[in-house]
Amino acid sequence: MPIHYRYYLVKQIREFTDERLRGYCVYCEQGVSDPTNDHVPSKSLLKKPYPPDLPTIKACRGCNEQFALDEEYFAAFLSAVISGSTKPDDQVLPSAANSFKTNEGLRDRIDQSRYIQTCLDLGIEERMVWAPEFERIQRVIIKNARGHGYYELGDINEVVGCPVSAWATMQENFDQEQVDRFFRMESGLVGWPEVGSRAMIRAIEGHDLQNGWIVVQEGVYRYKVDQGTRVRSILLEHLITEVVWDEDQSDWSGTV
Ligand SMILES: [Zn+2]
């Protein structure tokens, strides 16, 4: 079945969890005196026209600005890998086209991360491989997972501290069984989301849900939050990510 790039209306669902949870920046865990609205995911990972009412959370200005360069790199790198090029006109993400047009340093850097790998054991003599800057990719994956978890569960305690695992891979690196498992997998916990949280409201009303996945933009970005906490996402139907905060939930990542 072809992918339809229809745009779902992601309605910002008002949640009613404890007001005291809202006075902190979920990224640095400090009190927020000068809060900014942080889009999770960042618009750089979406296509135009952007869906209305994108999920936002309050973050301190410092964190919001600090992530901007990593997010630009992440979007540009992902778009280049999927497009097979750093030419602006080839890009699948408009933010990447803009970055490659205006940021020559970034384009050079990503160009230089591409190399030819010989892999006789896969029956392929040569293939093009892109080597990401792992720390930057990981910072963005964890940032997004933290934002999704906080937005859905309404409890900063679910996503504070260092996660026990965080990884991303292109879907093409998985066999069909792994792909099926990634999308089917349910939380091992039977706990209910906090009353009044977005997760509870979605569970009751089904806002933007497709088999439990929250569709920000169809074919472009969707995510799933399990209590525990485990956050999974798939970007552009190619990059899959998982971030886990609870030891008991991390069993699967070891098999990848
Ligand atoms: Zn902060």
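Residues numbered from 1 in each chain as written. Predicted model: local features only at pLDDT ≥ 70, side-chain atom pairs only at ≥ 80, totals over all residues.

1. Notes on the packing of helix 1 (residues 61-83) against helix 4 (residues 134-153)
Reasoning step 1: Contact geometry for helix 1 and helix 4: axes closest at 9 Å, N-to-C directions at 105 degrees. With respect to each other, helix 1 and helix 4 are oriented roughly perpendicular. In contact with Phe 67, Asp 70, Glu 71, Tyr 73 and Phe 74 of helix 1, helix 4 contributes Arg 136, Ile 137, Arg 139, Val 140 and Lys 143. (Axes fitted to C-alpha atoms, helices over the stretch in contact; angles between N-to-C directions. Helix = DSSP H or I, 4+ residues; strand = E, 2+ residues; numbered from the N terminus. Parallel < 35°, antiparallel > 145°, perpendicular 65-115°, else oblique. Contact = placed C-beta atoms within 7 Å.)

2. Some details on the environment of Thr 36
Reasoning step 1: The topology assignment puts Thr 36 in strand 1 (residues 35-39).
Reasoning step 2: Each C-alpha atom, one on Thr 36 and one on Lys 58, is 5.6 Å from the other, the two residues being 22 residues apart in sequence.
Reasoning step 3: If we ignore the near neighbours within four places in the chain, the residues touching Thr 36 are Ala 59, Arg 61 and Asn 64.

3. Details of the environment of Leu 106
Reasoning step 1: Secondary-structure assignment places Leu 106 in helix 3 (residues 104-112).
Reasoning step 2: Taking the number of C-beta atoms within 10 Å as the measure of exposure, Leu 106 has 19 and is therefore partly exposed.
Reasoning step 3: Along the chain, Leu 106 and Glu 72 lie 34 residues apart, while their C-alpha atoms are 9.1 Å from each other.
Reasoning step 4: Not counting the four nearest positions on each side in its chain, Leu 106 is found in contact with Tyr 73, Ala 76 and Ser 99. (Buried ≥ 20, exposed ≤ 12 C-beta atoms within 10 Å, placed from the backbone.)

4. Regarding the pairing of strand 8 (residues 221-226)
Reasoning step 1: Where burial is concerned, most of strand 8 is hidden: six out of the six residues are buried.
Reasoning step 2: Along strand 8, one buried face is formed by Tyr 221, Tyr 223 and Val 225 and the opposite face, lined by Arg 222, Lys 224 and Asp 226, is buried too.
Reasoning step 3: The sheet contact formed by strand 7 (residues 213-217) and strand 8 spans three bridges and is antiparallel. Note that in strand 8 the partner of Ile 214 across the bridge is Tyr 223.
Reasoning step 4: From the end of strand 7 to the start of strand 8, which pair antiparallel, there are three residues, and Gly 219 there has a positive phi angle of about 80 degrees.
Reasoning step 5: Bridging between strand 8 and strand 9 (residues 230-235) involves six bridges; their strand directions are antiparallel. The residue bridging Arg 222 from the neighbouring strand is Ile 234, located in strand 9.
Reasoning step 6: Counting the residues that bridge the hairpin from strand 8 to strand 9 gives three residues, and of these Gly 228 lies at a positive phi of roughly 145 degrees. (Pairing = 2+ DSSP bridges.)

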